Amino acid sequence: PDAADSTVTLALQAVPGHPSARPRDVEYAYPLRGAPLRIAQGFGGGFSHRDPEHAHAVDFAVDEGTPVLAARDGTVMQIEAGMSGYARMGVAHDDLARANFVRVLHDDGTMALYAHLQRGGVIVVPGERVRRGQILGFSGNTGASTGPHLHFAVQANRGLRLESLPFRMFGPSGVLRFAQRPPD
């Protein structure tokens, strides 16, 4: 074949965050305004929290349109706000392109992920500095979701892969304790 007929494809993989992040022991704030505490799935949840990227995530069941708050000070590094509806289950859970989300970078290199937000429900922009308690957007039911909820995770870049980290959180009635589900 001549050079005009040949096609070259380049695929690059990027993972947010710096691989030398050193997580500090921080207490995160409850990320929902005016919503009762209802945990749909916790650490190691059997439904979709089995991979390293989401093993220490928490799904808070919440009505659509509930204000989602920054759980810690940081800088907005990534958003998606244009997705509508939800993906059928069986679709890869970690495909965030199907869900609306906000990713906030903290000063220790860790990142908080707030996912399954409403279409058009993100009110921050990349590069914006946010404070604990500031509204980031509004809860929804986008992406691989079985119902309205907020998927919250603290993650770090671990050599070109995201890994979720255990975290402490102060909720509406005090300290929340997230038990790890034992493996099957």
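Everything numeric in this text was worked out from a predicted model, so none of it was measured.

### A word on the overall build of the chain
A tally of regular secondary structure across the chain gives 0 helices and 15 strands. Counting over 184 residues, the chain shows a buried share of 47%. Contacts in the chain between residues at least 24 apart in sequence constitute 71% of all its contacts with a sequence separation of at least 6. Taken as a whole, the chain presents about 9400 Å² of accessible surface, with 53% of it coming from carbon and sulfur.

### Here we look at the sheet that holds strand E1 (residues 27–29)
In space, the 3 strands of this open sheet follow the order E1-E14-E15, with mixed pairing throughout. Two strands bound the open sheet, and with one partner strand each, they are E1 and strand E15 (174–176). Taking each pair of neighbouring strands and ignoring which way they run, the sheet shows an average axis angle of 40 degrees.

### A few points about the pattern of salt bridges
With the rule as written, the count across this model stands at 7 salt bridges. Put simply, Asp73 and Arg131 hold a salt bridge, and the shortest N to O gap is 3.1 Å. Of the two residues, Asp73 sits in the loop between strand E4 (67–69) and strand E5 (74–80) while Arg131 sits in the loop between strand E9 (129–130) and strand E10 (135–139), which places them 58 residues apart along the sequence. Linked through salt bridges whose partners overlap, the residues forming this network are Arg24, Arg72, Asp107 and Asp108.

### Here we look at the environment of Asp25
Following the sequence through the fold, Asp25 ends up in the segment before E1. Remark: the alpha-carbon pair of Asp25 and Phe167, spanning 142 residues in sequence, is separated by 7.9 Å. A polar atom in the side chain of Asp25 sits 2.9 Å from the side chain of Arg168.

### Considering the pairing of E10
Bridge count between E4 and E10: 3 bridges; the pairing is antiparallel. Within E10, the position partnered with Val68 by the bridge is Gly137. Inspection of the sheet shows strand E8 (residues 111–122) paired to E10 by 2 bridges, in the antiparallel sense. Across the sheet, Leu117 pairs through a bridge with Ser139, a residue of E10.

### So, the environment of Arg33
Looking at the secondary structure, you find Arg33 in the loop between E1 and strand E2 (39–41). The partly exposed category is assigned to Arg33, whose relative accessible area is 43%. In sequence terms Arg33 and Gln134 are 101 residues apart; their C-alpha atoms lie 9.8 Å from each other. When residues no more than four places from it in sequence are discounted, the contact partners of Arg33 are Thr66, Pro67, Leu69, Gly133 and Ile135.

### Points about unusual backbone geometry
In this model, His116 sits at a positive phi of 80 degrees, which is unusual for a non-glycine residue. Turning to its location among the elements, His116 is positioned in strand E8.

### Focus on the packing of aromatic side chains
The tally for this structure, following the rule as stated, stands at 5 aromatic pairs. Relative to Phe167, the ring of Tyr28 has its centre 6.0 Å away and its plane inclined at 75 degrees; by these criteria the two rings are edge-to-face. On the criterion of sequence distance, the pair formed by Tyr28 in strand E1 and Phe167 in the loop between strand E13 (162–165) and strand E14 (168–171) is long-range, its members being 139 residues apart. For Tyr28, a relative accessible area of 4% gives the class buried. The exposure class assigned to Phe167 is buried, which follows from its relative accessible area of 8%. Ring centres of Phe152 and Phe167 lie 5.2 Å apart, and the angle between their planes is 80 degrees; on these two criteria the pair is classed as edge-to-face.

So, how was this worked out
Counting restarts for each chain: residues are numbered from 1 in the order of the written sequence. Reporting in this predicted model follows two pLDDT cut-offs: at least 70 for local features of residues, and 80 or more for side-chain atom pairs to be given and counted; totals over whole chains, interfaces and linings ignore these cut-offs and use all residues. Where side-chain values are given, they derive from all heavy atoms of the structure, hydrogens and water being excluded. Think of it this way: any DSSP run of H or I at least four residues long counts as a helix, any run of E at least two long counts as a strand, and we number them from the N terminus. Classification of residues uses two cut-offs on accessible area relative to the type maximum, computed with a 1.4 Å probe and protein chains only: under 20% is buried, over 50% is exposed, and between them is partly exposed. The contact definition used throughout considers only heavy atoms, calling two residues in contact when any of these lie within 4.5 Å. In this description, accessible areas are obtained by the Shrake-Rupley approach with a 1.4 Å probe, and a residue is regarded as covered only by the protein chains that are shown. Should DSSP find at least two bridges between two strands, the strands are regarded as paired. Between N-to-C directions, angles span 0 to 180 degrees; the directions come from axes that are lines fitted to C-alpha atoms, helices contributing only their stretch in contact. Definition used for salt bridges: Asp or Glu carboxyl oxygen within 4 Å of a side-chain nitrogen of Lys or Arg. Polar contact is the term for a pair of N or O atoms within 3.5 Å; when the atoms are in protein, one must be able to donate a hydrogen and the other to accept it, and sequence-neighboring residues count only if both atoms are side-chain atoms. Stacked, tilted and edge-to-face pairs are distinguished by plane angle, under 30 degrees for stacked and over 60 for edge-to-face with tilted covering the rest, among Phe, Tyr and Trp rings (Trp via its six-membered ring) whose centres lie within 6.5 Å.

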